[in-house]
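# Coordinate analysis (summary)
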Amino acid sequence: MALLEVVDVSKVFPGVRALDDVSFTLQAGEVHALVGENGAGKSTLIKVLTGVYQPDAGSLRYRDEAARFDTPMDAQRAGISTIYQEVNLIPLMSVAHNLFLGREPRNALGLLDEGRMHREASEILIRYGVTTDVRRQLGTLALGAQQMVALARAVMIDAKVVIMDEPTSSLEPREVATLFGVIRDLHAQGIGIVYVSHRLDELYQICDAVTILRDGKVVHTGKLADLERIRLVSLMLGREMSAVRREGFTGFAGGHATAADAEPVLKVTDLNSRRRLHDISFSVRPGEVVGLGGLLGAGRSETIKAIGGAYPIDGGTVEVDGRDLKRPTTVQAVKAGIAVQPEDRKAEGLVAGLSVRENIALAVLPRLSRFGLVSDRRIDEIVRTYMDRLRIKASGPDQRVGDLSGGNQQKVLLARLLATRPKVLLLDEPTRGIDVGAKAEVQSLIDELAAEGLGVVLVSSDAEELVEGADRVVVLRDGAVVGELTGDRVTTEALLETIAAAAELEENNE
Amino acid sequence: MTQTVSDHEVAAVVAADERRAERIDRIVGLIQRQGALAVLVVVVVIGSVAFPNFRSFDNAATILIAAAPPALIALGMTFVIITGGIDLSVGSLYVLGGVVSAYASQWGLLPAFLAPLAVCGLIGVLNGALIAYSRMAPFIVTLAALLGARGLMRAISDEGSTTYLVENDAFRAFGTGSFLGIGYPVWLVAAVFAAGMVLLSRTRFGHAVYAVGGSEDAASLMGVAVRRTKVWVYVMSGLLAGLAGAINAAKLGSGVTVLGTGMELDAIAAVVIGGTLLTGGAGTIAGTIAGVLLLGVIQNMINQVGNVPSSYQQVISGAFLAVVVVAQTYLVKLRRVT
Amino acid sequence: MSEATATATRPAIDLARIRAWLPAYGVYVAIALLMLFNVLFTPNFLAWSNLRIQLIQMAPIVIVALGMALVIGTEGIDLSVGAVMALAAALIPLYLGYGVIAAIIVSLIAGVLVGLINGTLVARVGLQPIVATLALFVGGRGLALVISGGQLKDVRNEDLIYLGSGDLFGIPVLVWIAALLVLIVGFVVRRTVFGRRLLAIGGNRPATELAGVPVKRVLVTVYVVCSVLASIAGLLAVARIQSSDASAVGLLIELSAITAVVVGGTPLTGGRVRVLGTVAGALLMQLVVATMIKHNLQPSTTEMVQAVIILVAVYVARERKTR
Amino acid sequence: KSEDGDTPSGGSPASGGAQVVQSAAPGAKTCTLEQFGGTKVDLKTAKVGFSQSEKEANPFRIAETQSIKDEAAKLGIPSGNLQTTNAASQFNKQISDVEQMIDSGVQLLIIAPLNSDGWDSVFAKAAAKKIPIVTIDRKINASSCTDYLTFIGSDFEEQGKRAADKMAAALGNKGEVAILLGAPGNNVTTLRTKGFKDQIAKAAPDVKVVFEQTGQFSREEGQKVSEQLLQSNPDIKGIYAENDEMALGAEVALKGAGKKPGDVKIVSIDGTKGAVQAIVDGWIYAVIESNPRFGPLAFETATKFFNGEPIPEDIIISDREYDESNAKTDLNSAY
Ligand SMILES: Nc1ncnc2c1ncn2[C@@H]1O[C@H](COP(=O)(O)OP(=O)(O)OP(=O)(O)O)[C@@H](O)[C@H]1O
Ligand SMILES: Nc1ncnc2c1ncn2[C@@H]1O[C@H](COP(=O)(O)OP(=O)(O)OP(=O)(O)O)[C@@H](O)[C@H]1O
Ligand SMILES: O[C@@H]1[C@H](O)[C@H](O)CO[C@H]1O
Ligand SMILES: [Mg+2]
Ligand SMILES: [Mg+2]
């Protein structure tokens, strides 16, 4: 029986036909993958399914009846539960309050029963590997734990359909395993699941069916097992299979030419920051890609930000080309040639309301101006250069960045970094949330930049990406360096071993 | 994917770490949330030592009765600010409420309370509806309401020159009488605050208020009725300003039209001093009480000094405000960093 | 929803286009309507002497609103502008003895200082702008009163009075100054590094910070500029009224200025500044008040009409979001 | 209330601007310490409270507060025993200021009320402690000898009437005039308007009030409104300003519109130095005084009261007036 059906739905945004006559059917007890490039329309389809948007044309059917959801609440009441792409919880509220928001247990007087809420919240969350005090503010939890709370929340209600929009993009392997456990449970209960992800191996692990979107249109739908991986990619990208095969899956060519005796371009010594970072030291030579490995919460983002001057440090030195920056501010760091690509593109990366042009030029305005007056000619030049080089797909330099797809946003951000002509590039999850095509492009770009002599620090939760892209991997745990992988030891297995060994060591010390 | 680390081991380490962080978090959080209360205690102690007249019961009662109307307004403002909004119309609604109440008192005690609630509640509905349904900034909608309500007050009072006297003895007695030495209005306000506390912390509505202020988009996706919640907080704010007007009319015995402007900013200051974030999503009513009392006590102490010229009074209030808010901010920062 | 079909069958007025056009130009439509009303029903309205008065009266608000627009562009707000005007006004008579230039410089310095305080509280201490500037809103005017001894002082300096009531090429000096400042601010917003940075901060402060923009410095500068503009307005007010009254100068002007900015189409959420719109917003509010006064309507009516006009103007100009 | 009839002429300049009491109407209500029910207090050692309503920015308020302080010092009241508060135009603050002074044990209250109504809670509290209240400048609507002791001040309606007479004389009984109203909702405004309009209707029906707008008692607003007025009503012959500050604002507006002294006749109320000087300069036609020097009279009244003498319920002072004939010579008695 079809649980949820989308019939000939279209949705138009100013300038974009995000969904074009899309039809889609979800069966009960099915895990249905929804895939496509960035901007293909996956999130839009989900938002139409869950009452966030109303379709401009077409209709929905739910449990064999015509359906219409005016608000997310309507959809939820009907039993359609969603985990959106960005964690959508309330950071300032407690974990338990987030979990129960809108359906809090009440006592005889109609007042909330806090005791019961906390008890039940703890019980529920343990099943998802979250053992923290449920009275804690949600925002103080690591992103992965937050995602788990969102998941628990979505499944908690008597859901018939659970929709997951890139649920694993901020999960660590252990959490992904927990998530898959939950999905299998739901599956067994006959619940229908829509699963969106750019991580193809995950899809093949967990999904039964697949629907592929391209430019707002359905280009394929059917059993996933029948679809070869390479064929899936070629459908997504709209490219010939042979071309895809030639290019491979990651864009990394592997190995960078660095003189072993070259002076490091970046040298970090004994970086300390209140309770989060402890004596972190490592160095990067020109043309070298150094990976930072570790579980979520290991302090990789903080390390990167601290180097870039965006996270307060209490001690330690940051040297660029042998020059000590002395607790740099972001301004000094950029001047010295450090470029940071933050993990959270939306919150810390781009100015969504400004155009592609303004975003690319933002960091280099002084260079493109005289006496404080900007030169539009010079800005246009540089913007054109980078839009071409990074193949940024936008209607033009004047398009609002907020309206671009995730991958193109990421490229705009990289363009901004490169425009500062950095010596060191610090990349925090540069391919998170972007599609295979864009991902490969970004990865080969990293290679290219290294080849040009830049020092690169790469943070990625995707172990494969990390070991393939980096020449060396520095492993962090709880804000400290616990090991370094070099040469042949740069493998996924070695990475996980190092992390585990550090955990054991710590345990014995307690 | 291979899993070499056992779940238990990782969980245990993380848990120990988290427990330590939580303890510190909670202590700092307490100071931050109750910072206004701490400052209040300090100020009261200093005042009691320095000024013999300050520590009398009568003086305390006077501070309380004077704080009653602003407290109600600040209560409504707390709800509004927690949703991330702001209500600039409350000062005007307060005056309007007083005039309407005095006028309606000719028909009895109940109308004297209900008429201002109806009028101000209605304007609150307008505020809320415009803010929630047409996505106009709260600042500008309620600024318009500030003007509109004042215009309305002037229209019904012959440009402010007609002062309606309270015609109902029971209503008057409510305004000036006391129980156990504390004015009736103070008891009423205390009861309303108790209800407000329960509403904010122990009901679904209260949690929706926090959620809307914490993240409107997330709240909406989580199924919170964002718009309805917004409408309600502005209605509440209007109702409370109207009630404040009514009890003030009862106390003064008339619907005074020349009440000072700027009540809205006082209320905002009290709420912020009480630790509520203007960005929304966090705040407590206990803090607001402390904030309101703090402003009242400071005013009272300036008077105790005796002959401080009016201009110096303003300078002192401004400086005091700055000190408290800066201190608050550092406490919040301290909390975030640890 | 289906506008396409509607226009196809009935090629009358293109509703969609009007709808797209109104938000940006609604305030100008309102001005035109009000002008039309006055031309028809207000005696002497089109006389230069009258238009001149309107321009003179709105000049200080325009000047203050320019600074406010910049602050709002960074997603801030400045409640202290009225107090700054009072401070500038209070200082003028004290230093007029050393000449107009000295007095002007001192009052501008006061503006710089207040701006530094506001800017520091916002950018470095991290206070919310409304709270940071509330302190000086309360205390600043008190300080002005302390400085002036609380007394209104007559100003008889001819040079200063020239600024407030003199003409240059047939146009009041005051209006020249305001127009010049409008041009400068417009230019700064469009063409300078500072202007672009300011908008980026309003759009996304953490991102701008990470991009290596000296956010704190830009923010402090914005508040300083705002305060300096307010102190210019304050000293021009003194020149115009020919007296310095710290208790009255700039009273409640912060609300008028914010109204002008917002009615002119600058969103309170930052990231965009409409300079001409701000002037138009100030003009609209000036015309409303003038119309009311000229037709002898009382404050009750004026205030209610203002409320409606603000709501309509902002409603029309509000950000549209697809649903 | 005060009696009608002939307007008292300005007091002699020799009095240096001191307040002069009009002779009370025969048979007017009086109040003694015994009737009031209070206890005798020696002013020299008593605690006295003075509540000012508005910030001391307007010359009127400066003179008023100063006069109270000076007189207290003169009587030998130690400065610690005189408590003064200022409500900065916040009515609720004035109420709690006074209540607080009652709590702190003052034995005499002098109040310059911001508003005439709204004093119920204060009276209740003061009555319980039998504290006599002298209200100055503005009257409170309540019963004398129970709620408060007495009112000392000008007759605002009378001031409006006298201004009307001056205006009528200035215009030769015909022409269009405008009124610059005081702050709306203020009973000073209401009474000065009423007195003026009534008297114009009665004594000079050909003088037409064609325009009335508030100037908020402030110079800047007075100027702004006058500027609009001069454009939309070019035929205006007279401006009645309900206080001197607004009149001085109108003067600047007239200058800006290219008028010459005397083109438009201004009549105003208060008697500040600036306004009297403007008479000398020809810009203002006449000023009716509103004398703020309440100190001597207030303390004298209180002394008499504690000595058991009967105190009339209204002590109306006779305000002088300034015009061309005496402005120059009496400039020094202006404040
Ligand atoms: N609110 C909006 N306004 C305008 N355009 C939008 C809006 N939301 C989405 N779009 C556009 O619609 C298209 C589909 O976007 P959508 O977010 O559905 O893509 P997606 O498949 O989820 O991509 P990703 O993998 O990057 O999350 C894109 O071109 C996007 O720019
Ligand atoms: N135990 C903890 N206590 C307080 N805050 C934490 C804790 N763990 C993580 N956080 C905070 O949560 C945020 C998001 O966590 P995240 O897992 O991204 O940390 P991270 O160190 O950046 O991880 P990564 O190494 O993956 O970059 C971080 O800013 C971090 O400060
Ligand atoms: O009489 C006085 C003065 O006229 C003053 O200008 C305003 O307040 C009134 O009470
Ligand atoms: Mg998406
Ligand atoms: Mg991270």
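An account of the accompanying structure is given in this report. Since this is a predicted model, take the numbers as computed values, not measurements. (Residues numbered from 1 in each chain as written. Chains lettered and ligands numbered in written order. Predicted model: local features only at pLDDT ≥ 70, side-chain atom pairs only at ≥ 80, totals over all residues. Heavy atoms only, no water.)

Further remarks concern the overall build of chain B. Helix and strand content of chain B: 14 helices and 2 strands. Of all intrachain contacts in chain B linking residues separated by at least 6 positions in sequence, the fraction that spans at least 24 positions is 77%. Carbon and sulfur atoms make up 68% of the accessible area of chain B, which totals about 12,300 Å². (Helix = DSSP H or I, 4+ residues; strand = E, 2+ residues; numbered from the N terminus. Contact = heavy atoms within 4.5 Å. Areas by Shrake-Rupley, 256 points an atom, 1.4 Å probe, with all protein chains shown as cover.)

A word on the site of ligand 1. Residues and elements named next belong to chain A. Around ligand 1, 17 residues are found, and the nearest of them are Asn38, Lys42, Ser43, Thr44 and Asp403. Tyr53 is positioned with one of its side-chain polar atoms (N or O) 3.5 Å from a nitrogen atom of ligand 1. Burial of ligand 1 by the protein chains amounts to 81% of its free accessible area of 640 Å². For the shell around ligand 1, the secondary-structure elements that each account for two or more residues are β2 (16–27) and α1 (42–49). Broken down by element, the shell around ligand 1 gets its largest block of residues, 3 residues, from α1. Counted by class, the shell around ligand 1 contains 5 nonpolar, 8 polar and 4 charged residues. (Near = heavy atom within 4 Å. Polar contact = N/O pair within 3.5 Å; in protein donor to acceptor, adjacent residues only side chain to side chain. Nonpolar A, V, L, I, M, F, W, Y, C, P; charged D, E, K, R; others polar.)

Here we take up the coordination of the magnesium ion (ligand 5). All names here are of chain A. Distances from the magnesium ion (ligand 5) to its protein donors, Ser301 (OG), Glu343 (OE) and Glu343 (OE), fall within 2.1 to 2.6 Å. Linking Ser301 in helix α10 (residues 300–307) with Glu343 in the loop between β16 (338–341) and α12 (345–349), this pair joins segments that are 42 residues apart in sequence. Assessed through its relative accessible area of 18%, Ser301 is described here as buried. Using a relative accessible area of 24% as the deciding quantity, one classes Glu343 as partly exposed. (Donors = N, O, S within 2.8 Å, 3.2 Å for Na, K, Ca; no water. Buried < 20%, exposed > 50% of the residue type's maximum accessible area, 1.4 Å probe, protein only.)

Residues and elements named next belong to chain A. If you trace the backbone, Thr82 turns up in strand β6 (residues 80–83). A relative accessible area of 16% places Thr82 in the buried class. If near-sequence neighbours (up to four positions away) are discounted, Thr82 is found in contact with Ile46, Thr50, Ala154 and Ile163.

Residue and element names in this part refer to chain D. By nearness alone, every residue bordering ligand 3 is listed as Asn58, Phe60, Arg61, Asp137, Arg138, Phe156, Val188, Arg192, Asn243, Asp270 and Ser290. Between Arg61 and ligand 3, the recorded distance is 3.1 Å, taken from a side-chain N or O atom to an oxygen atom. Taking Asn243, its side chain carries an N or O atom lying 3.1 Å from an oxygen atom of ligand 3. Coverage of ligand 3 by the protein amounts to 100% of the 270 Å² it exposes when considered alone. At the level of secondary structure, the elements contributing two or more residues to the shell around ligand 3 comprise α2 (59–75) and α6 (187–203).

Counted according to the given criterion, the structure contains 17 aromatic pairs over all chains. Judged by centre distance (6.1 Å) and plane angle (35°), the rings of Tyr95(C) and Tyr98(C) are tilted. Tyr98(C) sits in the exposed class, given a relative accessible area of 65%. Ring plane angle 15° and centroid distance 4.0 Å describe the contact between Phe196(D) and Tyr240(D), whose orientation is recorded as stacked. Of this pair, Phe196(D) sits in helix α6 while Tyr240(D) sits in strand β9 (residues 238–241), placing them 44 residues apart in sequence. When sorted by exposure, Phe196(D) lands in the same class as Tyr240(D), which is buried. (Phe/Tyr/Trp six-rings, centres within 6.5 Å; stacked < 30°, edge-to-face > 60°.)

The next subject is the pairing of strand β7 (residues 161–165) of chain A. Residue and element names in this part refer to chain A. In terms of residue burial, β7 counts as a mostly covered element, since 5 of its 5 residues are buried. Residues Val161, Ile163 and Asp165 line one face of β7 and the alternating positions Val162 and Met164 line the opposite face, and both faces are buried. Relative to β7, β6 is paired through 4 bridges, and the arrangement is parallel. Looking at β7, one finds that Thr82 is bridged to Ile163. Relative to strand β8 (residues 192–196), β7 runs parallel, the two being bridged by 5 bridges. Bridging across to β8, Val161 finds its partner in Gly192. Taken together, β7, helix α6 (residues 173–188) and β8 form a β-α-β motif whose crossover is right-handed. (Pairing = 2+ DSSP bridges. Right-handed = clockwise from strand over helix to strand, strands pointing away.)

Glancing now at the packing of helix α4 (residues 90–104) of chain B against helix α11 (residues 226–252) of chain B. Residue and element names in this part refer to chain B. Taken N-terminus to C-terminus, the directions of α4 and α11 make an angle of 50°; their axes are 7 Å apart at the nearest point. The pairing of α4 with α11 is recorded here as oblique in orientation. Two packed elements cross with a definite hand, and for α4 against α11 that hand is right-handed. When α4 is examined against α11, the residues Val90, Leu93, Tyr94, Gly97, Gly98, Ser101 and Ala102 are found in contact with a partner set consisting of Ser237, Gly238, Ala241, Gly242, Ala244, Gly245, Ala246, Asn248 and Ala249. By residue class, the composition of the contact of α4 with α11 is 8 nonpolar, 8 polar and no charged. (Axes fitted to C-alpha atoms, helices over the stretch in contact; angles between N-to-C directions. Parallel < 35°, antiparallel > 145°, perpendicular 65-115°, else oblique. Left-handed = near helix turned anticlockwise from the far one by under 90°.)

Moving on to the state of the cysteines. Residues and elements named next belong to chain D. Inspection of the entire model under this criterion finds 1 disulfide over all chains. The disulfide partner of Cys31 is Cys145, and the gap between their sulfur atoms is 2.0 Å. Since a negative S-S torsion denotes a left-handed disulfide, the Cys31-Cys145 link at about 70° is right-handed. Taken as a pair, Cys31 in strand β1 (residues 30–31) and Cys145 in the loop between β5 (133–136) and β6 (150–153) lie far apart in primary sequence, 114 residues in all. By relative accessible area, which is 11% here, Cys145 ends up buried. (Disulfide = S-S within 2.5 Å.)

In this complex, chain B contributes 39 residues to the contact, which on the side of chain C involves 40 residues. When chain B packs against chain C, close to 3,400 Å² is buried across both sides, 76% of that on carbon and sulfur atoms. For the chain B face of the interface with chain C, the top three residues by lost area are Arg135(B), Phe139(B) and Ile140(B), together amounting to 17%. One can count 2 salt bridges joining chain B with chain C. A salt bridge links Arg150(B) to Glu303(C); the nearest nitrogen and oxygen atoms lie 3.0 Å apart. Here chain B is connected to chain C by 4 residue pairs in polar contact (both at pLDDT 80 or more). Broken down by secondary-structure element, the contributors of at least two residues to the side of chain B that touches chain C are α5 (109–134), α6 (138–156), α12 (263–273) and α14 (310–337) of chain B. Class assignment for the residues of the side of chain B that touches chain C results in 24 nonpolar, 9 polar and 6 charged. (Buried area = accessible area lost by both parts, 1.4 Å probe. Salt bridge = Lys/Arg side-chain N within 4 Å of Asp/Glu carboxyl O.)

For the rest of this paragraph, the subject is the sheet that holds strand β3 (residues 31–36) of chain A. Residue and element names in this part refer to chain A. The 6 strands are arranged β6-β7-β8-β3-β9-β10 in an open sheet whose pairing can be described as mixed. The open sheet is flanked by β6 and β10 (217–223), the only strands paired with a single partner. When strand polarity is set aside, the average angle formed by the axes of neighbouring strands in this sheet is 15°. Docked against the sheet, α6 engages β3, β7 and β8, running at close to 145° with respect to β8.

Turning our attention to the arrangement of the chains. With 5 pairs of chains in contact, the largest contact count belongs to chains B and C. Nothing in chain A touches chain D; the tightest C-alpha to C-alpha distance between them is still 37 Å.

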